[in-house]
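# Remarks on the overall topology
Each chain is listed here by its residues.
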Amino acid sequence: MQNANYYKKMEEQIRIFDTKYEQNAKPRLLLHCCCAPCSSHCLSVLAEHFYITAYFYNPNITDYEEYIKRFEELKRFVNEVYVDGVEVKLAEHDPQVFLDMARGREDLPERGARCYDCYKLRLEKSASYAKENGYDVFTTTLSISPHKNADWLNEIGDEMGRKYGIDYLFSDFKKKDGYRHSIQLSKEYGLYRQNFCGCEFSRKAAEVRDGQVQ
């Protein structure tokens, strides 16, 4: 599915859901969320069509204070913008599973094999949780980032949907100026916008990039 138009596929899937469900009985979507800024645009696209749980599971964020800070900012945004139809769920802080996966690959650049398996950790957990808790479909906000590989994300999401027997909603939320819209919403609501993906390796790379360390 490399170079597929995932946004178009998402729109087609949404049309099917819209015809299958009446407006007062919308399908339940588990939306894996990485942070408030990325989630802001994705929710604006999806909230009309689904009852949504914004599911915060990101073991790559090994620092607990950072983990809770990002979650609390997501919760604040949802509570300010969505009166109903969107709820927030905090998953356990489980950094060891990420560190075990990353062992021996600490120095790999972003968008490499470590990131692929990090996507897989988060999407598998999301698919499993969605199936166990009776959701109709799941997806992730990660594709909104220009630094994330949408082909990989949709490949993994589709694989996990098949593995756990739940529909995966294809996406590429950066399309149609989605990333720019997330920046606008971040400014409008004063959202905490971090300068690194979440893991300690991306943070160190950001510090070098920003000239904080040599």
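Residues numbered from 1 in each chain as written. Predicted model: local features only at pLDDT ≥ 70, side-chain atom pairs only at ≥ 80, totals over all residues. Heavy atoms only, no water.

### Brief notes about the packing of helix α4 (residues 95–102) against helix α5 (residues 113–132)
Here is the rule we go by: As a rule, the C-alpha atoms of each element are fitted with a line to give its axis, helices using only the stretch in contact, and angles between N-to-C directions run from 0 to 180 degrees. Strands here are runs of E lasting at least two residues and helices are runs of H or I lasting at least four, both read from the DSSP assignment and numbered beginning at the N terminus. An angle below 35 degrees is read as roughly parallel, one above 145 as roughly antiparallel, one from 65 to 115 as roughly perpendicular, and any other as oblique. Two helices crossing with the near one rotated counterclockwise from the far one by less than a right angle form a left-handed crossing, whereas a clockwise rotation gives a right-handed crossing. Whether two residues touch is decided by their heavy atoms; if any such pair falls within 4.5 Å, the residues are in contact. When residues are sorted by character, Ala, Val, Leu, Ile, Met, Phe, Trp, Tyr, Cys and Pro go into the nonpolar class, Asp, Glu, Lys and Arg into the charged class, and all the rest, Gly among them, into the polar class.
Two elements in contact, α4 and α5, have axes whose closest approach is 10 Å; the angle formed by their N-to-C orientations is 150°. Comparing their axes, α5 and α4 come out roughly antiparallel. The way α4 lies across α5 gives a crossing that is right-handed. Taken together, the residues of α5 that come into contact with α4 (itself represented by Val-97, Phe-98, Met-101 and Ala-102) are Arg-114, Asp-117, Cys-118 and Leu-121. Its residues placed into classes, the contact of α4 with α5 shows six nonpolar, no polar and two charged.

### Some details on the state of the cysteines
Short version of the rule: Criterion for a disulfide: a pair of cysteine sulfur atoms at a distance within 2.5 Å. Type-normalised accessible area, obtained with a 1.4 Å probe on protein chains alone, sets the label of each residue: buried when under 20%, exposed when over 50%, and partly exposed for intermediate values.
Following the criterion strictly, the structure yields zero disulfides and no others. Not part of a disulfide, Cys-38 finds its nearest cysteine sulfur in Cys-35, a span of 3.6 Å. The exposure class assigned to Cys-38 is buried, which follows from its relative accessible area of 13%.

### Describing the nonpolar core
The cut-off we apply is this: Only buried Ala, Val, Leu, Ile, Met, Phe, Trp, Tyr and Cys residues count toward a nonpolar core, and they belong to the same one when joined by side-chain atoms within 4.5 Å.
Membership of the largest hydrophobic core comes to 55 residues, with the highest contact counts inside it found for Met-10, Leu-43, Leu-46, Phe-50, Ile-52 and Phe-138. At the level of secondary structure, the elements contributing two or more residues to this core comprise α1 (6–20), β1 (28–33), α2 (36–46), β2 (51–56), α3 (64–81), α5, β4 (137–140) and α6 (150–164). No other element matches α5, which puts seven residues into this core. Setting aside residues up to four positions removed in sequence, Leu-46 forms contacts with Met-10, Ile-14, Leu-29, Leu-31, Ile-52, Thr-139, Leu-169 and Phe-173.

### Examining the pattern of salt bridges
Under the convention used in this document: By convention in these notes, a salt bridge is any Lys or Arg side-chain nitrogen within 4 Å of a carboxyl oxygen on Asp or Glu.
Within the structure shown, the criterion is met by 13 salt bridges. Close ionic contact of Lys-75 with Glu-72 constitutes a salt bridge, the shortest N to O distance being 3.4 Å. Here Lys-75 pairs with Glu-72, and both are found in helix α3, just three residues apart, close to one helical turn. Judged by its relative accessible area of 30%, Lys-75 falls in the partly exposed class. Assessed through its relative accessible area of 37%, Glu-72 is described here as partly exposed. Between Arg-105 and Asp-117 there is a salt bridge, with its nearest N and O atoms 2.9 Å apart. Residue Arg-105 is located in the loop between α4 and α5, and its partner Asp-117 is located in helix α5; the two are separated by twelve residues in the primary sequence. The class for Asp-117 is partly exposed, based on a relative accessible area of 23%. If you follow the salt bridges from partner to partner, you end up with Glu-73, Arg-76 and Glu-80 in one network.

### Considering α2
For α2, a buried count of ten out of eleven residues is recorded, marking the element as mostly surrounded by other parts of the structure. Those residues of α2 that sit buried are Ala-36, Pro-37, Cys-38, Ser-39, Ser-40, His-41, Cys-42, Leu-43, Val-45 and Leu-46.

Purely geometric numbers; function is a separate question.
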